[in-house]
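Structure assessment
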Amino acid sequence: MDALRRGAVPESGLDLLATGLGRFERAVDEELDTVAAGGSVFKAVRGEYGSGKTFFTRWLGERAKRRTFAVAEVQVSETETPLHKLETVYRRLTERLATASFPPSALRPVADAWFYALEEDALADGAGEGELPEAVDRLLTARLAEVSRHAPAFATALRGYKQSLDTGDEATAAAVMSWLGGQPHVAAAARRSAGVRGDLDHFGAFGFLQGLLTVLRDSGHAGLVLVLDEVETLQRVRSDARDKALNALRQLIDEVHSGRFPGLYLVITGTPAFYDGQQGVQRLAPLAQRLATDFSTDPRFDNPRAVQIRLPGFTEESLTSLGATIRDLYAEGSQSPDRIKQVTDDAYLIDLARAVGGALGGKVGVAPRLYLKKLVGDVLDRVDQFPDFDPRTHYKLTVGSGDLTATERNFAAPSPAASADDLDLDL
């Protein structure tokens, strides 16, 4: 509720709020099963602003965590996380890596769990206490043999991390783990101690991702769900950077389909303009071919197993249904649940949905964030705290510029005049 009050997508409990996602459950669960069995999956999610793309990916992440997957959500941006610099994407991945047991960044707990699993396997193979370090090192080399062909520095750094821990050098161990996470500017002494040089580059990022997937699998995780959110921002970058980013995305998709990343479920999100416009996917023909999906049929018959799926967006009916779900959840934690349900009945929820949609130029589909923010923060909180508060009498919806995102402000702006005769001048 606090997240909704701030106009944000909650980090957990999304199954309670899911509206209209039931059609995707079977396909998503089948794909997670495929990844858990050693396969890899790529999925593109399309939807207009406000259709729930971030909600969908976090809902997917929650389902994955319950199946022992690790999850990472990366926001693509021109300055912070440019897609054509995969070393930066990998770094953000490790910073945002989370599991059911550990919040971001879960990289070090995952590595520690992996070494613990190696020790258990070595002991099960009959290694004594004195032979344990050598036995663990042999297992480490064997498990990362395939990764070492492409990124030998990953296995070397892991071995250096373990040696630092064994000698009690916590500072060096932490520095080496930062280097494994793709962080730049790690102290040269720590890198020398681990036997590695330089910083991770674009070409080494793929190898490090392979290594991370191996560590995740051997430490008891089913795989990794990686979300690249807001990929449509590529449309606003310089043309040379955009072309590099689109090609990097094409390359990443090809590597997923080639089987290089067993245990990876890669998801990207974007607007229809990104997938269909000349400044997005269509700019690179090979990428457009890989993402091509027929959306000319009735949305009711969209294929949830397709490489690209679309979110239909909210209608007044579905928005009101979501509002009723939120109201009922709020009432369960209130001291006067009956009053909350009575004062904010379904008829009032419909009126509020229409008012918010009207404030956004009649675009109900882009209203969920603002609608839920107003419902929780302006209405339900007051009904809960003030016994004589009646939203129909004491509350009038106001939408200031501070309430709106840049996109919402565009929808709220009045339509431009069609001609000079339409301008109302005060003379």
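In what follows, the accompanying structure is described. (Residues numbered from 1 in each chain as written. Predicted model: local features only at pLDDT ≥ 70, side-chain atom pairs only at ≥ 80, totals over all residues. Heavy atoms only, no water.)

1. With respect to the nonpolar core
Counted only if it meets this: The set of buried Ala, Val, Leu, Ile, Met, Phe, Trp, Tyr and Cys residues whose side-chain atoms join them within 4.5 Å is what this entry labels a nonpolar core. With a 1.4 Å probe rolled over the protein chains alone, any residue whose accessible area is under 20% of its type maximum counts as buried; one over 50% counts as exposed, and the rest are partly exposed. Each domain span listed reflects an automatic or database assignment of domains. By the convention used here, residues are in contact when the closest approach between their heavy atoms is within 4.5 Å.
By size, the foremost hydrophobic cluster in this structure holds 75 residues, and its most contacted members are Phe 154, Leu 224 and Leu 228. Summarising the domain contributions, this core has at least three residues from each of domain 1 (1-99 + 221-310) and domain 2 (106-205). Once you skip the residues sitting within four places of it in the chain, Leu 224 turns out to touch Phe 69, Ala 70, Val 71, Ala 72, Leu 93, Leu 97, Leu 209, Leu 213, Leu 216, Gly 263, Leu 264 and Tyr 265. Ranked by size, the runner-up nonpolar core spans 49 residues in total, among them Phe 56, Val 267, Ala 324 and Tyr 330.

2. Observations regarding the packing of aromatic side chains
Which entries qualify depends on this criterion: Two rings from Phe, Tyr or Trp (for Trp, the six-membered ring) form a pair when their centres sit within 6.5 Å of each other. Planes less than 30 degrees apart are called stacked, planes more than 60 degrees apart edge-to-face, and all others tilted. Secondary structure is summarised from DSSP: a helix means a run of H or I of at least four residues, a strand means a run of E of at least two, and numbering begins at the N terminus for each.
Per the stated rule, a full pass over the model turns up nine aromatic pairs. Measuring from ring centre to ring centre gives 5.6 Å for Phe 56 and Trp 59, while their planes differ by 45°; the resulting arrangement is tilted. Of this pair, Phe 56 and Trp 59 both sit in helix α3 (residues 53-66), separated by three residues, roughly a single helical turn. Each member of the pair Phe 56 and Trp 59 is classed as buried. Ring geometry for Phe 115 and Tyr 161: centres 6.1 Å apart, planes at 35°, overall tilted. Taken as a pair, Phe 115 in helix α5 (residues 107-124) and Tyr 161 in helix α8 (residues 152-166) lie far apart in primary sequence, 46 residues in all. For the pair Phe 115 and Tyr 161, one class covers both residues: buried. Every member of this aromatic cluster is reached through a ring pair, and the members are Tyr 90, Phe 154, Trp 179 and Phe 208.

3. Comments concerning the layout of surface pockets
The condition that has to hold: Cavity and pocket criteria rest on a 1 Å grid covering protein atoms alone: a 1.4 Å probe that fits but cannot get out defines a cavity, protein on both sides within 12 Å along at least 5 of 7 lines defines an open pocket, and an atom within 4 Å of a point defines a lining residue. Grid points are joined across faces, edges and corners, and a volume is the space filled by probe spheres set on the points. Polar here means any residue other than Ala, Val, Leu, Ile, Met, Phe, Trp, Tyr, Cys and Pro, which are nonpolar, and Asp, Glu, Lys and Arg, which are charged; Gly is therefore polar.
Put simply, the largest pocket is a space of about 1,100 Å³. Taken together, 39 residues form the lining of the largest pocket, with Gly 50, Ser 51, Gly 52, Lys 53 and Thr 54 sitting closest to its centre. Where the lining of the largest pocket is concerned, the elements lending two or more residues are α3, β2 (70-75), α15 (316-332) and α18 (368-385). Sorting elements by how many residues they give to the lining of the largest pocket places α3 first, with four residues. Within the lining of the largest pocket, the residues separate by chemical class into 14 nonpolar, 16 polar and nine charged. Residue contributions to the lining of the largest pocket reach at least three from each of two domains, namely domain 1 (1-99 + 221-310) and domain 3 (316-411).

4. A look at the packing of α5 against helix α6 (residues 132-143)
Test applied: Between N-to-C directions, angles span 0 to 180 degrees; the directions come from axes that are lines fitted to C-alpha atoms, helices contributing only their stretch in contact. By the definition adopted for this analysis, an angle is roughly parallel if under 35 degrees, roughly antiparallel if over 145, roughly perpendicular if from 65 to 115, and oblique otherwise. In this scheme the crossing of two helices becomes right-handed for a clockwise turn of the near helix relative to the far one and left-handed for an anticlockwise turn of less than a right angle.
Remark: α5 packs on α6, axes separated minimally by 9 Å, with the N-to-C direction vectors making an angle of 115°. The angle between α5 and α6 places the two elements in the roughly perpendicular class. When you trace α5 past α6, the crossing you get is right-handed. Here Trp 114, Phe 115, Leu 118, Glu 119, Asp 121, Ala 122 and Leu 123 of α5 lie close against α6, whose contacting residues are Leu 132, Ala 135, Val 136, Leu 139, Leu 140 and Arg 143. Grouping the constituent residues of the contact of α5 with α6 by class yields ten nonpolar, no polar and three charged.

5. Quick notes on empty space enclosed by the protein
Inspection of every chain in the model, using the stated rule, returns three cavities of 30 Å³ or more. Roughly 100 Å³ of volume is contained in the largest cavity. In terms of lining, the largest cavity is formed by Leu 86, Val 89, Tyr 90, Leu 93, Ala 205, Phe 206, Leu 209, Leu 226 and Leu 252. Within the residue set of the lining of the largest cavity, elements represented by two or more residues are α4 (86-96) and α11 (202-218). For the lining of the largest cavity, the element with the most residues is α4, which contributes four residues.

6. Side note on the pairing of β2
Here is the rule we go by: The criterion for strand pairing is that DSSP finds at least two bridges linking the strands in question.
Burial analysis of β2 places five of its six residues in the buried class, the great majority of the element. The sheet contact formed by β2 and strand β3 (residues 224-229) spans six bridges and is parallel. Directly across from Val 71, in β3, lies its bridge partner Val 225.

7. Some thoughts on the pairing of β3
Where we set the bar: Note on handedness: a clockwise path from strand one over the helix to strand two, with the strands aimed away from the viewer, defines a right-handed crossover.
Among the six residues of β3, six are classified as buried, and the element is accordingly described as predominantly covered. With five bridges joining them, β3 and strand β4 (residues 264-270) adopt parallel strand pairing. The partner of Leu 228 across the bridge, within β4, is Ile 268. One crossover worth recording links β3 to the parallel β4 by way of helix α12 (residues 239-258), and it is right-handed.

8. Overview of the sheet that holds β3
Here we have five strands laid out as an open sheet, ordered β2-β3-β4-β1-β5, and parallel in their pairing. Each edge of the open sheet is held by one strand with a lone partner, namely β2 and β5 (308-310). Averaged over all neighbouring strand pairs, the angle between strand axes comes to 20°, with direction disregarded. Where strand β1 (residues 41-46) and β4 come together, six bridges link them in parallel fashion. By the bridge assignment for β4, Val 45 is matched with Thr 269. α4 rests against β2 and β3 of the sheet, and its axis sits at about 130° to β2. The sheet contacts of α11 involve β2, β3 and β4, and relative to β3 the element is tilted by about 140°.

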